[in-house]
Amino acid sequence: LREAKRIAPPASGGKVDSALAARLDSATPGELIPVIIEFNLPFTTTLATNLQTRTERQNQFNAAKSQIQSLGVQPERDLHIVNAVSAKANAQTIKSLQLSKDVKRVSLVPILHTVLNVSAPEIHATETWTKIDAAGNPLIGYGRRIAIIDTGVDYTHPALGGCRGVGASAGGGA
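All of the points below concern the structure found in this document. (Residues numbered from 1 in each chain as written. Predicted model: local features only at pLDDT ≥ 70, side-chain atom pairs only at ≥ 80, totals over all residues. Heavy atoms only, no water.)

### With respect to the pattern of salt bridges
To keep it simple, the criterion reads: Take a side-chain nitrogen of Lys or Arg and a carboxyl oxygen of Asp or Glu: if they are within 4 Å of each other, that pair is a salt bridge. In DSSP terms, a helix is any run of H or I states spanning at least four residues, a strand is any run of E spanning at least two, and both are numbered starting from the N terminus. Only protein chains enter the calculation, and the probe is 1.4 Å; a residue is then buried if its accessible area is under 20% of its type maximum, exposed if over 50%, and partly exposed in between.
Taken as a whole and judged by the stated rule, the model has 5 salt bridges. D78 serves as the salt-bridge partner of K65, at 2.8 Å between the closest nitrogen and oxygen. Placement of the pair is K65 in helix 2 (residues 51–70) and D78 in strand 3 (residues 74–79), with a sequence separation of 13 residues. By relative accessible area, D78 is classed as partly exposed at 27%.

### Remarks on the packing of aromatic side chains
Note the threshold: Side-chain rings of Phe, Tyr and Trp, where Trp is taken by its six-membered ring, are said to pair if the distance between their centres is within 6.5 Å; with planes under 30 degrees apart they count as stacked, over 60 as edge-to-face, and otherwise as tilted.
Applying the stated criterion across every chain, the model contains 1 aromatic pair. Taken together, a centroid distance of 5.1 Å and an interplanar angle of 90° make the contact between F39 and F61 edge-to-face. Taken together, the residues span a long stretch of sequence, with F39 in strand 2 (residues 33–39) and F61 in helix 2 at a distance of 22 residues. Neither F39 nor F61 differs from the other in exposure class; each is buried.

### Some words on helix 2
Which entries qualify depends on this criterion: Helices are assigned an expected span. That span is 1.5 Å times one less than the residue count. Each direction from the helix axis to a C-beta atom contributes to the arc, which is the arc of those directions.
Here helix 2 is 20 residues long and its end C-alpha atoms lie 28 Å apart, about the 28 Å a rise of 1.5 Å per residue gives. Among all positions of helix 2, only Q58, F61, A64, K65 and I68 are buried. End-on, the buried residues of helix 2 take up no more than an arc of 125°, which puts them together on one face. In helix 2, the exposed residues that point more than 90 degrees away from the buried face are Q52 and S70. Note on helix 2: the residue one or two positions beyond its end, G72, has a positive phi of about 115°.

### Details of the sheet that holds strand 2
Spelled out, the test is: Strands were regarded as paired on the criterion that DSSP finds at least two bridges between them. Convention adopted: a line fitted to C-alpha atoms gives each axis, helices being fitted over their contacting stretch, and angles between N-to-C directions are expressed from 0 to 180 degrees. Here a residue-residue contact requires only that any non-hydrogen atoms of the pair lie within 4.5 Å.
In space, the 4 strands of this open sheet follow the order 3-4-2-5, with antiparallel pairing throughout. Bordering the open sheet on either side are strand 3 and strand 5 (103–108), each of which pairs with just one other strand. Taken pair by pair, the neighbouring strands of this sheet meet at an average axis angle of 25°, ignoring direction. With 6 bridges joining them, strand 2 and strand 4 (residues 84–89) adopt antiparallel strand pairing. Bridging from a neighbouring strand, I36 pairs with S86 of strand 4. Strands in contact with helix 1 (residues 18–26) are strand 2 and strand 5; relative to strand 5, the strand with the most contacts, it is inclined by about 65°.

### Here we look at the nonpolar core
Applied cut-off: Only buried residues count toward a nonpolar core, which is a set of Ala, Val, Leu, Ile, Met, Phe, Trp, Tyr and Cys residues joined through side-chain atoms within 4.5 Å.
Core analysis: the largest hydrophobic core is formed by 21 residues, its most contacted members being L20, V35, I37, F39, I68, I94 and V106. Sorting the residues of this core by element identifies helix 1, strand 2, helix 2, strand 4, helix 3 (91–97) and strand 5 as the ones contributing at least two each. With 4 residues, strand 2 is the single largest residue contributor to this core.

### Topic: the side chain of D17
Formally: Charged residues are defined narrowly, with Lys and Arg counted positive, Asp and Glu counted negative, and His plus the chain ends left uncounted. The term polar contact refers here to a pair of N or O atoms within 3.5 Å; inside protein, the definition further demands a hydrogen-donor-capable atom paired with an acceptor-capable atom, and it admits residues adjacent in sequence only when both atoms are side-chain atoms.
In this fold, D17 is placed in the loop between strand 1 (2–3) and helix 1. Buried D17, no salt bridge; nearest opposite-charge side chain is R105, N-O distance 4.4 Å. Among the polar contacts made by the side chain of D17, one reaches the main-chain amide nitrogen of L20 at a distance of 2.7 Å.

### Some thoughts on the pairing of strand 2
Burial of strand 2 is extensive: 5 of the 7 residues sit out of reach of the surface. As defined by bridge partners, strand 2 adjoins strand 5 across 5 bridges and the pair is classed as antiparallel. When the sheet's bridge partners are listed, E38 is paired in strand 5 with R105.

### Considerations on unusual backbone geometry
Of note, N83 is a non-glycine position whose phi angle comes to about 60°, a positive value. Residues other than glycine seldom take positive phi values, yet H124 does so here, at roughly 65°. Among the structural elements, H124 can be located in the loop between helix 4 (116–122) and helix 5 (125–129).

Structure below.
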């Protein structure tokens, strides 16, 4: 499990959230700050029902991305599911984003930390650490295969070999 601070609301009606506003005050000139820039556009590809609409929305997204790049933003990843990009920008550029009609909000990228005292008991790992096998060895997984099933993956997709039998990309063809 990971803990993260909730994204703070924009400060006094602006587009920059309060955590980022505080960070901008301490930034050194030219320092690149990791941000999430949400666009003030209809959602791009996930909610569009037809190809023409998806294409139009993708073009709007790309135009907004090009516009922020022209201001000095360095996009790193498109985040279509939330209609945003992750990027790096200096304090001056971030402040100028507030003038863009295409920008809805700019947030500081939250720092996430793994908290084992919470996550290990949550998955019953601490109970497993005390168990031993028939030979008296601790159960640490040595010599064992495991499977991780991510429900966000279409395991029947041909690129994954259909996940059945010979030619499947999953270990053991299962």
